[in-house]
Amino acid sequence: MSRITIALSKGRIFTETAPLLEAAGIRATEDPERSRKLVLATSRPEVDLVVVRASDVPTYVRYGAADLGIAGLDVLREQGSDGLYQPLDLGIARCRMMVAVREDFDYLRAVSRGGRLRVATKYLNTAREHFAAKGVHVDLIKLYGSMELAPLVGLADAIVDLVSTGNTLRANHLTEVEEIMKVSARLVVNQASLKLKRALIEPLLSAIGGASAREAGHAAA
Ligand code: ATP
Ligand code: PRP
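Residues numbered from 1 in each chain as written. Chains lettered and ligands numbered in written order. Predicted model: local features only at pLDDT ≥ 70, side-chain atom pairs only at ≥ 80, totals over all residues. Heavy atoms only, no water.

**Considering the pattern of salt bridges**
Taken as a whole and judged by the stated rule, the model has 14 salt bridges. A salt bridge links Glu 129 to Arg 77; its shortest N-O distance comes to 3.7 Å. Residue Glu 129 is located in helix 5 (residues 124–134), and its partner Arg 77 is located in helix 3 (residues 73–79); the two are separated by 52 residues in the primary sequence. You can call Glu 129 partly exposed: its relative accessible area is 46%. Take Arg 77: its relative accessible area is 34%, and that puts it in the partly exposed class. Of the charged contacts, one joins Asp 104 and Arg 102 as a salt bridge, the two residues approaching to 3.0 Å between their closest N and O atoms. For Asp 104, a relative accessible area of 58% puts it in the exposed group. (Salt bridge = Lys/Arg side-chain N within 4 Å of Asp/Glu carboxyl O. Helix = DSSP H or I, 4+ residues; strand = E, 2+ residues; numbered from the N terminus. Buried < 20%, exposed > 50% of the residue type's maximum accessible area, 1.4 Å probe, protein only.)

Printed below as a string of structure tokens:
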């Protein structure tokens, strides 16, 4: 019998995906937040979950080490989605990718003066494309997290980061100045798996897609 492996990260992606997987009869037999196991069996004997870093999901799926994966559009855009079939917007883990600066920093003036802006982010490719399209000269500084600190300590003039409630920006006296894109989690599929395991994958896609559409309907109601 052929098997299906789904790559996803723990934390918000796992928590918000669990009800959608459940609609396809897939329930992890262990809680990834507690277990140290990286391969989790599920209530469906032919389906396993592998628990990886959010930014590693596309890599596992691209190489076929996982057949399916759940990744944010931020990660997919930053890394490119070559070789990945992207059939479903799951409508979960919603946020926005923003440019943000200190409340006392005059961004428009800095941009209109045409000088170089120092921008800290973990999304180097996305930031580079965004500022190039606007004709703004930037020096990019790669960070791996806590981007909000950079403008506070003089490391950068601006950051490119994800914003949801805005609480983290507010707590650090930062403000949004530009939206780069709206972000939500996507289901991605290895293209070869889709062909070779179509009989297993297609029903999964329709169950998960149906559940996410119902959740979206409830959220809108
Ligand atoms: P990594 O472990 O690879 O550094 P991460 O720490 O960004 O990744 P998470 O914080 O679990 O991992 O985020 C996973 C995904 O959830 C992100 O790629 C993004 O799509 C989405 N996300 C991140 N922050 C938020 C947020 N505040 N609200 C809603 N969704 C978010
Ligand atoms: C994300 C993001 C922001 C924060 C925004 O961080 O990098 O820091 O959420 O959310 P808010 O607008 O609701 O405050 P996360 O919570 O994932 O922590 P991380 O730095 O460990 O990725």
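**Comments concerning the site of ligand 2**
Lining the immediate environment of ligand 2, one finds Arg 12, Glu 148, Asp 161, Leu 162, Val 163, Ser 164, Thr 165, Gly 166, Asn 167 and Thr 168. Between an oxygen atom of ligand 2 and a side-chain N or O atom of Glu 148, the distance comes to 2.6 Å. When isolated, ligand 2 has an accessible area of 500 Å², and the protein chains bury 62% of it. In a pocket analysis with a 2 Å cut-off to the grid points, ligand 2 is assigned to the largest pocket. Looking at the shell around ligand 2 element by element, the count peaks at 3 residues for strand 9 (residues 158–163). Among the residues forming the shell around ligand 2, the class breakdown is 2 nonpolar, 5 polar and 3 charged. (Near = heavy atom within 4 Å. Polar contact = N/O pair within 3.5 Å; in protein donor to acceptor, adjacent residues only side chain to side chain. Areas by Shrake-Rupley, 256 points an atom, 1.4 Å probe, with all protein chains shown as cover. 1 Å grid on protein atoms, 1.4 Å probe; cavity = no way out; pocket = protein on both sides within 12 Å on 5 of 7 lines; lining within 4 Å. Sits in = over half its atoms within 2 Å of the grid points. Nonpolar A, V, L, I, M, F, W, Y, C, P; charged D, E, K, R; others polar.)

**Here's the deal with the site of ligand 1**
In the vicinity of ligand 1, 15 residues are found, and the nearest of them are Arg 12, Arg 53, Ser 55, Asp 74 and Lys 122. Taking Arg 53, its side chain carries an N or O atom lying 2.6 Å from an oxygen atom of ligand 1. For ligand 1, an oxygen atom lies 2.7 Å from a polar atom in the side chain of Ser 55. For ligand 1, the accessible surface in isolation is 630 Å², of which the surrounding protein chains cover 77%. If you list the elements that add at least two residues to the shell around ligand 1, you get helix 1 (12–23) and helix 3. Among the residues forming the shell around ligand 1, the class breakdown is 7 nonpolar, 3 polar and 5 charged. Each of domain 1 (4–93 + 184–220) and domain 2 (95–183) gives at least three residues to the shell around ligand 1. (Domains from an automatic or database assignment.)

**Brief notes about the domain arrangement of the protein**
Partitioning the protein into domains gives domain 1 (4–93 + 184–220) and domain 2 (95–183). The C-alpha centroid of domain 2 is placed 30 Å from the C-alpha centroid of domain 1. Counting residues at the interface gives 6 residues for domain 1 and 13 residues for domain 2. A buried area of about 830 Å², summed over both sides, lies between domain 1 and domain 2, and 46% of it is on carbon and sulfur atoms. Per-residue buried area on domain 1 facing domain 2 is highest for Asp 74, Arg 77 and Glu 78; these three make up 74% of the total on that side. (Contact = heavy atoms within 4.5 Å. Buried area = accessible area lost by both parts, 1.4 Å probe.)

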